[in-house]
Amino acid sequence: MIEIIPAIDIIEGKCVRLSQGDYSQKKIYNESPLEVAKQFEDAGIKRLHLVDLDGAKKGTIVNQKVLENIASKTKLVIDFGGGIKTDVDITSVYNAGASIATIGSIAIKNPTLFFMWVKKYGSEKILLGADVKNEKIVVSGWTEQTEISVINFINTNSEKGVKNIFCTDISKDGMMQGASIELYKKIKEEVPTINLIASGGVSSIENIEAVRQAGCSGAIIGKAIYEGTIILSDLKPYLF
């Protein structure tokens, strides 16, 4: 089976999507993220990927109120990310109702702190984001390119006890052209023990099948739902 995880990306409290991580290519889909989250819950979705894009860009959590609102008014299991940089940040995210903290940049910039969190909270409470461009890690809300190979990055983190990782190929994100199947196959071949979640470009039921066959345990879906190329009712066979 593969877990279906719809995404809600937030800018200024609104549900938006970017194309290829470009903040200037922003499209607002709904003024109320809570309304969108409730639609997902009504369709039988259990999990939500909630991203504070303002927070990711600023380097500090901006839209925590949206998290609190959705967590208090739905039963969705929420993973929340964007701007989690300190002990205070990660504690406040859990206290606000997130079941899982999504961590990206800090795992590159302060791995000591990140591994301390993995040890303190347990690997099931942490979702590591590996955002890539040309198979190299990108950080800080996709604004900063590194020379770190995604395979090496995932391997290192896996050896330190990280179990759950989602990988976003930025070139695919929001482009509705399919996911990076070959990249996911390569990652799973190199690091077979991780739970790998596909993210970016998942734009059809066929795509979901393809990432499942590539070895992914989950698929984060955003724009395809908002643009209607994946209908929520079509996801029923994947909901458990």
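See the structure printed just above.
Rules and cut-offs
Residues numbered from 1 in each chain as written. Predicted model: local features only at pLDDT ≥ 70, side-chain atom pairs only at ≥ 80, totals over all residues. Heavy atoms only, no water. Helix = DSSP H or I, 4+ residues; strand = E, 2+ residues; numbered from the N terminus. Rg over C-alpha atoms; globule rule 2.2 N^0.38 Å. Buried < 20%, exposed > 50% of the residue type's maximum accessible area, 1.4 Å probe, protein only. Contact = heavy atoms within 4.5 Å. Lys, Arg positive; Asp, Glu negative; His and termini not counted. Charge placed at Lys NZ, Arg CZ, Asp CG, Glu CD. Pairing = 2+ DSSP bridges. Right-handed = clockwise from strand over helix to strand, strands pointing away. Arc of directions from axis to C-beta. Axes fitted to C-alpha atoms, helices over the stretch in contact; angles between N-to-C directions. Left-handed = near helix turned anticlockwise from the far one by under 90°. Phe/Tyr/Trp six-rings, centres within 6.5 Å; stacked < 30°, edge-to-face > 60°. Lys NZ or Arg CZ within 6 Å of the ring centre and 35° of its normal. Disulfide = S-S within 2.5 Å.

We now examine the overall build of the protein chain. Within the protein chain one finds ten helices and twelve strands. Relative to the compact-globule value of 18 Å for 240 residues, the protein chain shows a C-alpha radius of gyration of 16 Å, a close match. Each of the three principal axes of the protein chain carries a C-alpha extent, and together these read 40 × 40 × 35 Å. Looking at the protein chain as a whole, 57% of its 240 residues qualify as buried. Partitioning the intrachain contacts of the protein chain with sequence separation of at least 6 by distance along the chain shows that 65% fall at a separation of at least 24. When the 28 basic and 29 acidic side-chain charges of the protein chain are each reduced to a single mean position, those positions are 3 Å apart.

The next point concerns the pairing of strand β6 (residues 100-103). The alternating pattern of β6 places I100 and T102 and A101 and I103 on opposite faces, both of which are buried. Taken together, the three bridges between strand β5 (residues 77-81) and β6 define a ladder with parallel strand orientation. Paired with D79 across the two strands is I100, which belongs to β6. Each parallel crossover has a hand, and for β5 linked through helix α4 (residues 87-95) to β6 it is right-handed. Across three bridges, β6 lies against strand β7 (residues 126-133) in parallel orientation. When the sheet's bridge partners are listed, T102 is paired in β7 with L127.

Right, let's talk about unusual backbone geometry for a bit. Non-glycine residue E12 carries a positive phi angle of around 50°. Looking at the secondary structure, you find E12 in the loop between β1 (3-11) and β2 (14-19). By relative accessible area, E12 is classed as exposed at 59%. The backbone phi angle of E135 is positive, close to 65°, even though this residue is not glycine.

Buried residues of helix α8 (residues 181-190): I181, L183, Y184, I187 and K188, and no others. Each buried residue of α8 sits inside an arc of 160° when the element is viewed along its axis, so together they form one side. The outward face of α8, more than 90 degrees from its buried face, is lined by the exposed residues E182, E189 and E190. Summarising the contacts, the buried residues of α8 are in contact with β7, α7 (150-159), β10 (164-169), β11 (195-199) and α9 (205-213).

A word on the packing of helix α1 (residues 33-42) against helix α3 (residues 64-73). Direction vectors running N to C along α1 and α3 enclose 35°, while the axes themselves pass 10 Å from each other. Along this stretch, α1 crosses α3, giving a crossing that reads as right-handed. Contact residues: α1 offers P33, L34, A37, K38 and E41, while α3 offers V66, N69, I70 and K73.

Let's shift gears to the pairing of β2. Of all six residues in β2, five are buried, a share of seventy percent or more. With three bridges joining them, β1 and β2 adopt antiparallel strand pairing. Of the residues in β2, the one forming a bridge with D9 is V16. The hairpin turn running from β1 into β2, its antiparallel successor, is two residues long, and E12 in that turn takes a positive phi close to 50°. Here five bridges tie β2 to strand β3 (residues 22-30), and the two strands are oriented antiparallel to one another. Residue pairing across strands places R17 opposite K27, the latter belonging to β3. Connecting β2 to the next strand, β3, in antiparallel fashion are two residues, including Q20 with a positive phi near 55°.

What follows is about the packing of aromatic side chains. A full pass over the atoms with the stated rule returns four aromatic pairs. Both rings, one in Y94 and one in Y121, keep their centres 4.9 Å apart while their planes meet at 55°; by these two values the pair is tilted. Residue Y94 is located in helix α4, and its partner Y121 is located in helix α6 (residues 111-121); the two are separated by 27 residues in the primary sequence. In this structure, K57 packs its charged tip against the face of Y23, placed 4.4 Å from the ring centre. A cation over a ring is seen here: K125 above Y94, with NZ or CZ 4.5 Å from the ring centre.

Bringing the state of the cysteines into the picture now. Using the criterion set out here, one finds zero disulfides in the structure. No disulfide involves C216; its nearest neighbouring cysteine sulfur is the one of C167, lying 8.5 Å away.

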